[in-house]
Amino acid sequence: MTHPPMIAGLELGGTKCVALLASGPDDVRDRVTVPTTDPATTLAALEAALDRWEFDAVGVASFGPLELDPAKSDYGAITATTKPGWTGTDVSRRFAARFGKPLAIQTDVNGAALAEGRWGAAQGLSSHVYITIGTGVGVGTVTGGQPVQGMAHGEAGHMRIARAAGDAFAGWCPFHGDCVEGLIAGPALASRFGVKGEALPDDGPEWDLFVHDLAGLLHNLVTALAPERIAIGGGVMSAREALFVPLRARLAASIGGYGSFAGLDMDALVGPPGLGAMAGPMGAIAMGLAALEG
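This one's a predicted model, so the numbers in the text were calculated from it and none came from an experiment. Within any chain, residue numbers begin from 1 and follow the written order of that chain's sequence. Confidence filtering applies because this is a predicted model: local features only for residues at pLDDT of at least 70, side-chain atom pairs given and counted only at 80 or more, and all residues used for totals across whole chains, interfaces and linings. Excluding hydrogens and water, the side-chain values take into account all heavy atoms of the structure.

Caption draft 1: Summary view of the pairing of strand E3 (residues 27-35). By definition, two strands form a pair when at least two bridges between them are found by DSSP. A run of H or I in DSSP becomes a helix once it reaches four residues, and a run of E becomes a strand once it reaches two; helices and strands are each numbered from the N terminus. As defined by bridge partners, strand E2 (residues 16-24) adjoins E3 across eight bridges and the pair is classed as antiparallel. Bridge pairing links alanine 19 to valine 32 in E3. Connecting the antiparallel pair E2 and E3 is a turn made up of two residues.

Laid out in structure tokens, this is it:
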């Protein structure tokens, strides 16, 4: 009997990291969650989890930005990031050297997008997007089964959008101020409104601004990339799935019936990930399988 390859998946997030031993979403053998603190403490805890397991490959899906050019000396390392203390942290070479297994690394959002294409709501689609809204805002784009990448991986979460009338919030992002991440990421909401997002009432006017800003990002993605599906996950949106209703309406109004986008089925276009909260961890498993598949 042939057994499926077993993957040690590492999902590195801004708030927590997940180590998963699995071959897919229906075959999860073990899971360890550790808080994201300083790199030395966090990565050592993840290594301790993997030390207990037997596996065929390692998949890493990490917050970024990441250097993903194999020709660069810092390939697989985190570059200039908003996460204090993590800039310059080597990730892939550390785990490859320790465990001696095939390893593949991608951004957390690209990994989740690939997982959605392999197992989730984007199966059979040629072009789709995964967005996470949590400690930051990340956007992963897949075309023809592969992540879109040019001189670097895209950082669409740092797009600038038209601001709502009367909204004078300077923005939280230390690099760009009022980019999308600077307006709607979890820390941005706390800075903008004085309380964390989970403490805001469901019908609070603050969510009108959130929907306005997120719809601006979606407008840009739809008109620039024409994806067949946009999945939105992460802690902020997963706790407020009722926001998909006004978000779809705002996006439809913004598109305005233009060109080939006229009459788009917004319910089919924009929604939660088919893998739910497992989209991120399964992104790491998808990367480990990609390492074995070459």
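The rest of the description comes next.
Caption draft 2: Seen up close, the layout of surface pockets. The space that makes up the second largest pocket amounts to roughly 300 Å³. Gly186, Lys196, Gly197, Glu198 and Val236 are the residues nearest the centre of the second largest pocket, which is lined by 15 residues in total. Elements with a minimum of two residues in the lining of the second largest pocket: helix H5 (186-193) and helix H7 (235-238). Counting residues per element, the lining of the second largest pocket draws most heavily on H5, which supplies four residues. For each structure, a 1 Å grid was placed over the protein atoms alone; sets of points admitting a 1.4 Å probe that cannot get out are labelled cavities, open sets with protein on both sides within 12 Å along at least five of seven lines are labelled pockets, and lining residues have an atom within 4 Å of a point. Grid points are joined across faces, edges and corners, and a volume is the space filled by probe spheres set on the points.

Caption draft 3: Seen up close, the nonpolar core. The term nonpolar core refers to a set of buried residues drawn from Ala, Val, Leu, Ile, Met, Phe, Trp, Tyr and Cys, joined through side-chain atoms within 4.5 Å. Only protein chains enter the area calculation, which uses a 1.4 Å probe; residues under 20% of their type maximum are buried, those over 50% are exposed, and those in between are partly exposed. Ile131, Phe210, Leu214, Leu218, Ile232 and Leu247 are the most contacted members of the largest nonpolar core, which totals 37 residues. With nine residues, helix H6 (residues 206-225) is the single largest residue contributor to this core. Residue contacts follow a heavy-atom distance rule, with two residues in contact if any of their heavy atoms lie within 4.5 Å. Apart from residues lying up to four places away in sequence, phenylalanine 210 is in contact with Ile133, Ile184, Leu189, Val236, Met237 and Leu243. By size, the runner-up hydrophobic cluster in this structure holds 26 residues, among which are Val32, Leu46, Leu50 and Phe95.

Caption draft 4: Region of the structure containing the side chain of glutamate 11. Along the chain, glutamate 11 falls in strand E1 (residues 7-12). Buried and without a salt bridge, glutamate 11 has arginine 31 as its closest oppositely charged side chain, separated by 5.7 Å. In this structure glutamate 11 touches Lys16, Cys17, Val18, Ala61, Gly280, Pro281 and Ala284, once residues within four positions along its chain are discounted. By the counting scheme adopted, Arg and Lys are positive, Glu and Asp are negative, and His together with the chain ends is not counted. Counted as salt bridges are all cases of a side-chain nitrogen of Lys or Arg within 4 Å of a carboxyl oxygen of Asp or Glu.

Caption draft 5: Just unusual backbone geometry, in detail. Residues glycine 64 and proline 65 are joined by a peptide bond in cis, for which omega reads 5°. Structurally, proline 65 can be placed in the loop between strand E4 (57-62) and helix H2 (92-99). Of note in the backbone geometry, alanine 226 takes a positive phi value of approximately 50° without being a glycine. As for its placement among the helices and strands, alanine 226 is situated in the loop between H6 and strand E9 (229-233).

Caption draft 6: A look at the sheet that holds E4. One open sheet accounts for five strands, arranged E3-E2-E1-E4-E5; its pairing is mixed. In this open sheet, the two edge strands, each paired with only one partner strand, are E3 and strand E5 (103-107). Geometrically, the sheet is characterised by an average inter-axis angle of 15° between neighbouring strands, direction not taken into account. Where E1 meets E2, six bridges bridge the pair, whose relative direction is antiparallel. Within the sheet, the bridge partner assigned to glycine 9 lies in E2 and is leucine 20. With axes taken as lines fitted to C-alpha atoms, and helix axes fitted only over the stretch in contact, angles between N-to-C directions fall between 0 and 180 degrees.

Caption draft 7: Region of the structure containing the sheet that holds E9. The sheet built from five strands is open, its strands ordered E8-E7-E6-E9-E10 with mixed pairing. Two strands lie at the open edges of the sheet, namely strand E8 (146-147) and strand E10 (270-271), each paired on one side alone. Pairing of strand E6 (residues 127-133) with strand E7 (residues 137-143), which is carried by seven bridges, proceeds in the antiparallel orientation. By the bridge assignment, threonine 132 is partnered in E7 with glycine 138.

Caption draft 8: Fine view of helix H3 (residues 108-119). The span one expects for a helix is its residue count, reduced by one, times 1.5 Å. With 12 residues, H3 should cover 16 Å at 1.5 Å per step; its first-to-last C-alpha distance of 16 Å lies within 8% of that length. Among the 12 residues in H3, nine count as buried, and that is most of the element.

Caption draft 9: Quick look at the pairing of E7. Here E7 lies mainly inside the structure; six of its seven residues are buried. Counting the residues between successive antiparallel strands, the hairpin from E6 to E7 contains three residues. Of the strand pairs in this sheet, E7 and E8 are connected by two bridges, and their pairing is antiparallel. Looking at E8, one finds that threonine 143 is bridged to glutamine 146. Counted between consecutive antiparallel strands, the loop separating E7 from E8 contains two residues, among which glycine 144 sits at a positive phi close to 60°.

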